[in-house]
Amino acid sequence: MEAVYGWIRQIAVFAVISYLVLYLMGEQEKGHVLRFYLSLLMMLLILKPVSSVCSLNQVFTEKLTELETDAEIAAAGSQIRQIVQASDQEVIDYVSEQALSRVQELAEDKNLEFNHGKVDFDDEKMEKSGEVVICGMELTVSGGGKQSSEIRPLLKEFREDVAGEFGLDQSRITIKTGGQ
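Please read all numbers here as calculations on a predicted model, not as lab measurements.

Below, the discussion takes up the overall build of the chain. A count of helices and strands for the chain gives 5 helices and 3 strands. Looking at the chain as a whole, 23% of its 180 residues qualify as buried. Considering only contacts in the chain between residues 6 or more positions apart, those separated by 24 or more positions represent 59%.

Quick look at the structure:
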């Protein structure tokens, strides 16, 4: 209780001194700057007990950390691994979805109908680098009623476009037509 009275006394003394200084300064052109700094100091005085509560919180957190057992740490590590693996799968799903969306755009540019596709990922490279690495694609398209002689050059161009877009060797892209 004594600490609270001391804190209130500090605020009151500072307020009186601040008003006295501002009164003695009068209406000078730098008065607003002085008022600003005095109000900042007043806020610091008011928030002083909050900082002491925060330091107590830090002490409690340190004590709780000391009480954790190895089993709790292992359980937390297991949960973190599950979250990371789940988020990795979400990233792979998102990249796959975006890649197939871009493939569909490329197919439409060639007047082909994109039916479905599968994106293959290089798990070994992804584990080493931490990045999502596409290593191949299996795509199914149809020519929309075009003759096979008309479709072949379009499929070749389409394969080149997909390979260029994703930095893949053309041999890593399998394209099936709806009729095959």
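After presenting the structure, the write-up continues.
For the rest of this paragraph, the subject is the sheet that holds strand E1 (residues 113–121). The 3 strands are arranged E1-E2-E3 in an open sheet whose pairing can be described as mixed. Each of the sheet's edge strands pairs with one partner strand only, and the pair in question is E1 and strand E3 (173–177). Across this sheet, the average inter-strand angle for adjacent strands is 15 degrees, counted without regard to direction.

The next subject is a nonpolar patch on the surface. Together, Val33, Phe36, Tyr37, Leu40, Met43, Ile46 and Leu47 make up an exposed nonpolar region whose accessible area comes to about 640 Å². For valine 33, the location among the structural elements is in helix H2 (residues 31–67).

With that out of the way, let us pick up the nonpolar core. The biggest cluster of nonpolar side chains holds 24 residues, and the ones touching the most others in it are Met137, Leu139, Phe158 and Val162. Listing elements by their share of this core, those giving two or more residues are helix H3 (70–109), E1, strand E2 (134–142), helix H5 (148–166) and E3. Apart from the residues within four sequence positions on either side, phenylalanine 158 is in contact with Val103, Leu106, Ala107, Lys110, Leu112, Leu139, Val141 and Ile175. Core analysis: the next-biggest nonpolar cluster, separate from the first, contains 6 residues, Ile11, Ala15, Met42 and Leu45 among them.

Moving on: helix H1 (residues 2–25). The end-to-end C-alpha distance of H1 is 35 Å, a good match for the 34 Å that 24 residues give at a rise of 1.5 Å each. Within H1, the full set of buried residues consists of Ile11, Phe14, Ala15 and Ser18. Backbone geometry just downstream of H1 places glycine 26 in the positive-phi region, at approximately 75 degrees.

With that settled, the discussion passes to the pairing of E2. Among the 9 residues that make up E2, 8 are buried, leaving the element largely enclosed by the rest of the structure. Pairing geometry for E2 and E3, over 5 bridges, is parallel. What sits directly across from methionine 137, in E3, is isoleucine 173.

Before going further, it helps to examine the pattern of salt bridges. Summed over the entire model, instances satisfying the criterion amount to 5 salt bridges. A salt bridge links lysine 110 to glutamate 157; the nearest nitrogen and oxygen atoms lie 3.1 Å apart. Residue lysine 110 is found in the loop between H3 and E1, and its partner glutamate 157 is found in helix H5; the two are separated by 47 residues along the sequence. A relative accessible area of 18% places lysine 110 in the buried class. Among the salt bridges present, the one from lysine 110 reaches aspartate 161, with a minimum N-O distance of 3.4 Å. Here lysine 110 is found in the loop between H3 and E1, whereas its partner aspartate 161 is found in helix H5, with 51 residues between them in sequence. If you follow the salt bridges from partner to partner, you end up with Arg102, Glu105 and Glu165 in one network.

The next subject is the side chain of serine 18. By the element assignment, serine 18 lies in helix H1. Here serine 18 falls in the buried class, since its relative accessible area comes to 8%. A distance of 2.8 Å separates a polar side-chain atom of serine 18 from the backbone oxygen of phenylalanine 14.

Reading the values: rules and limits
- Residues numbered from 1 in each chain as written.
- Predicted model: local features only at pLDDT ≥ 70, side-chain atom pairs only at ≥ 80, totals over all residues.
- Heavy atoms only, no water.
- Helix = DSSP H or I, 4+ residues; strand = E, 2+ residues; numbered from the N terminus.
- Buried < 20%, exposed > 50% of the residue type's maximum accessible area, 1.4 Å probe, protein only.
- Contact = heavy atoms within 4.5 Å.
- Pairing = 2+ DSSP bridges.
- Axes fitted to C-alpha atoms, helices over the stretch in contact; angles between N-to-C directions.
- Patch = residues over 30% accessible without salt bridge, like charges linked within 9 Å, V, L, I, M, F, W, Y side chains within 5 Å.
- Areas by Shrake-Rupley, 256 points an atom, 1.4 Å probe, with all protein chains shown as cover.
- Salt bridge = Lys/Arg side-chain N within 4 Å of Asp/Glu carboxyl O.
- Core = buried A, V, L, I, M, F, W, Y, C linked by side-chain atoms within 4.5 Å.
- Expected span 1.5 Å × (residues − 1).
- Polar contact = N/O pair within 3.5 Å; in protein donor to acceptor, adjacent residues only side chain to side chain.

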